[in-house]
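# Commentary on secondary and tertiary structure
Here are the chains, one letter per residue:
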Amino acid sequence: MTTRVLLLGGTAEARDLAAALVDRPGTVVVSSLAGRVADPRLPAGQVRIGGFGGPAGLTRWLTEHRVDALVDATHPYAARMRVSAVEAAGATGVPYLRLERPGWTAGPGDHWHRVPDLAAAAALVPRLGRRAFVTTGRQGLDAFLHLTGNWLLVRVVDDPAMPLPGNVTVLRDRGPYEVAAERELLVTHRIDVLVSKDSGGAYTAAKLAAARDLGLPVVLVDRPAPVPLPAMVTEVTAALAWLETALPPARPGAGRSPQTAR
Ligand code: NAP
């Protein structure tokens, strides 16, 4: 009998967890991606791409694929998927875990302004400077497009879908980033203010250190409101430990299960 784990991904932690799980004897790990990025970094193991069709669709998927454990390792701002996962796990009784990295905390020399959402971030930008580096991603970019008095450098993985006004320059890139390169970027573009989500983790933290070095203010958009979660950990190692309690014992004789896509 094969043990099946559905891993809701799109993050570095999800890829790290998938890489660790594919070697668990008798275990198949299926990573799920939303399909937002044209050329995603693919995790080890099986991969499926696209929405499930809300909580009901995910409930069906868990049942039809006889999933033994569900790990939601999506990004801290993926609020809809998080709710769907909790509901589907509740409906099916499939053991559920949320893997979510902690947010960042300000240290000496940081000038952070925490705001509740993208609209509040956009409202604050003109008061902090003229040239802004906006790193909140492609989704929600329209919240900043009325800032015609500002020059905006917008960093995205894929080009934004909508036409952009002349005061917006797009920089296509994806992490991880280094502090020296981030500092150079801020200096070269004469950035006055950085806008970021509170993503947490090391992948994209270099911009915060660069802003601190240069004494620049940072507008940090708060995470979505928390929802009650059946179980949550912040580290991949803790997720692996939880899986050992939630799954049937690994069968060393079973060997590595075929992890081909289907
Ligand atoms: P979201 O608003 O919570 O999700 C919207 C819908 O997209 C969900 O209801 C679900 O559709 C589908 N979806 C989301 N994540 C999925 C997954 N891993 N597998 C299958 N379907 C998924 O999420 P989002 O903010 O658009 O983020 C989409 C993906 O990008 C997530 O996987 C997340 O980990 C990754 N990501 C997001 C951010 C961010 O800032 N939001 C940053 C980096 C990476 P159905 O209802 O049809 O199931």
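The following paragraphs examine the structure supplied in this document. Every value quoted in this text rests on a predicted model; they were computed, and no experiment measured them. (Residues numbered from 1 in each chain as written. Predicted model: local features only at pLDDT ≥ 70, side-chain atom pairs only at ≥ 80, totals over all residues. Heavy atoms only, no water.)

### As for helix H2 (residues 54-64)
Of the residues making up H2, those classed as buried are Gly57, Leu58, Thr59, Trp61 and Leu62. Following H2 by one or two positions, Arg66 has its phi on the positive side, about 50 degrees. (Buried < 20%, exposed > 50% of the residue type's maximum accessible area, 1.4 Å probe, protein only. Helix = DSSP H or I, 4+ residues; strand = E, 2+ residues; numbered from the N terminus.)

### Observations concerning the site of the ligand
Within the structure, the ligand sits among 21 residues, and Gly9, Ser32, Phe52, Met81 and Lys197 are positioned closest to it. Here an oxygen atom of the ligand and a backbone polar atom of Gly54 are 3.0 Å apart. Top element by residues in the shell around the ligand is helix H3 (residues 79-92). It accounts for three residues. Considered class by class, the residues forming the shell around the ligand number seven nonpolar, ten polar and four charged. (Near = heavy atom within 4 Å. Polar contact = N/O pair within 3.5 Å; in protein donor to acceptor, adjacent residues only side chain to side chain. Nonpolar A, V, L, I, M, F, W, Y, C, P; charged D, E, K, R; others polar.)

### Thoughts on the sheet that holds strand S7 (residues 131-134)
Read from one edge of the open sheet, six strands run S6-S11-S10-S7-S8-S9, paired in parallel fashion. In the strand order of this sheet, the two ends are held by strand S6 (111-115) and strand S9 (168-172), each with one partner. Averaged over all pairs of adjacent strands, the angle between strand axes in this sheet comes to 20 degrees, irrespective of strand direction. In this structure, S7 lies alongside strand S8 (residues 151-156), joined through four bridges in parallel fashion. Note that in S8 the partner of Arg131 across the bridge is Trp151. Those strands touched by helix H4 (residues 118-128) are S6, S7, strand S10 (193-197) and strand S11 (217-221), and its axis lies near 170 degrees from that of S11. The sheet strands contacting helix H5 (residues 179-188) are S7, S8 and S9, and the helix crosses S8 at an angle near 150 degrees. (Pairing = 2+ DSSP bridges. Axes fitted to C-alpha atoms, helices over the stretch in contact; angles between N-to-C directions. Contact = heavy atoms within 4.5 Å.)

### A closer look at H4
Among the residues of H4, those classed as buried are Leu118, Ala121, Ala122, Leu124 and Val125. Check the buried side of H4 and you find it contacts S6, S7, S10 and S11.

### A word on unusual backbone geometry
A cis amide bond links Gly175 with the next residue in sequence, Pro176, at an omega value of 5 degrees. Checked against the element boundaries, Pro176 lands in the loop between S9 and H5. The backbone of Arg66 sits at a positive phi, close to 50 degrees, despite the residue not being glycine. In this fold, Arg66 is placed in the loop between H2 and strand S4 (69-72). The class for Arg66 is exposed, based on a relative accessible area of 60%. Unusually for a residue other than glycine, Arg190 sits at a positive phi of about 50 degrees. Tracing the chain through its elements places Arg190 in the loop between H5 and S10.

### Quick word on the packing of helix H1 (residues 12-21) against helix H7 (residues 236-246)
Across the interface, H1 lies against H7 with an axial gap of 10 Å and an inter-helix angle of 45 degrees. If you check the angle between H1 and H7, you find them oblique. The handedness of the crossing between H1 and H7 comes out as right-handed. Contact residues: Glu13, Asp16, Leu17, Ala20 and Leu21 in H1; Val236, Ala239, Leu240 and Leu243 in H7. For the contact of H1 with H7, the residue count by class is seven nonpolar, no polar and two charged. (Parallel < 35°, antiparallel > 145°, perpendicular 65-115°, else oblique. Left-handed = near helix turned anticlockwise from the far one by under 90°.)

### Regarding the environment of Pro55
Its place among the elements puts Pro55 in helix H2. Distance from Pro55 to Pro226, taken between C-alpha atoms, is 18 Å for residues 171 residues apart in sequence. Contact partners of Pro55, with chain neighbours within four places excluded, come to Ser84, Glu87 and Ala88.

### Section: the nonpolar core
If you look at soluble globular proteins, the nonpolar side chains tend to sit buried side by side. Formed by 21 residues in total, the largest nonpolar core has its most connected members in Ala121, Val134, Phe144, Leu152, Val154, Val195 and Val219. Elements with a minimum of two residues in this core: H4, S7, S8, S10 and S11. When residues in this core are grouped by element, the largest group, five residues, is from H4. Here Ala121 is in contact with Val115, Phe144, Val195, Val219 and Val221, once residues within four sequence places are set aside. (Core = buried A, V, L, I, M, F, W, Y, C linked by side-chain atoms within 4.5 Å.)

### Quick look at the pattern of salt bridges
The final tally for this structure, using the stated rule, is 13 salt bridges. With its nearest N and O atoms 3.6 Å apart, the salt bridge here joins Arg114 to Asp222. Placement of the pair is Arg114 in strand S6 and Asp222 in the loop between S11 and strand S12 (232-233), with a sequence separation of 108 residues. On the basis of relative accessible area, Asp222 is assigned to the partly exposed category, the value being 30%. A salt bridge links Asp158 to Arg172, with the nearest nitrogen and oxygen atoms 3.6 Å apart. Taken together, the positions of Asp158 in the loop between S8 and S9 and Arg172 in strand S9 put the pair 14 residues apart, joining distant regions of the chain. Assessed through its relative accessible area of 12%, Asp158 is described here as buried. A single network of salt bridges, built from pairs that share partners, joins Asp72, Arg98, Glu100 and Arg223. (Salt bridge = Lys/Arg side-chain N within 4 Å of Asp/Glu carboxyl O.)

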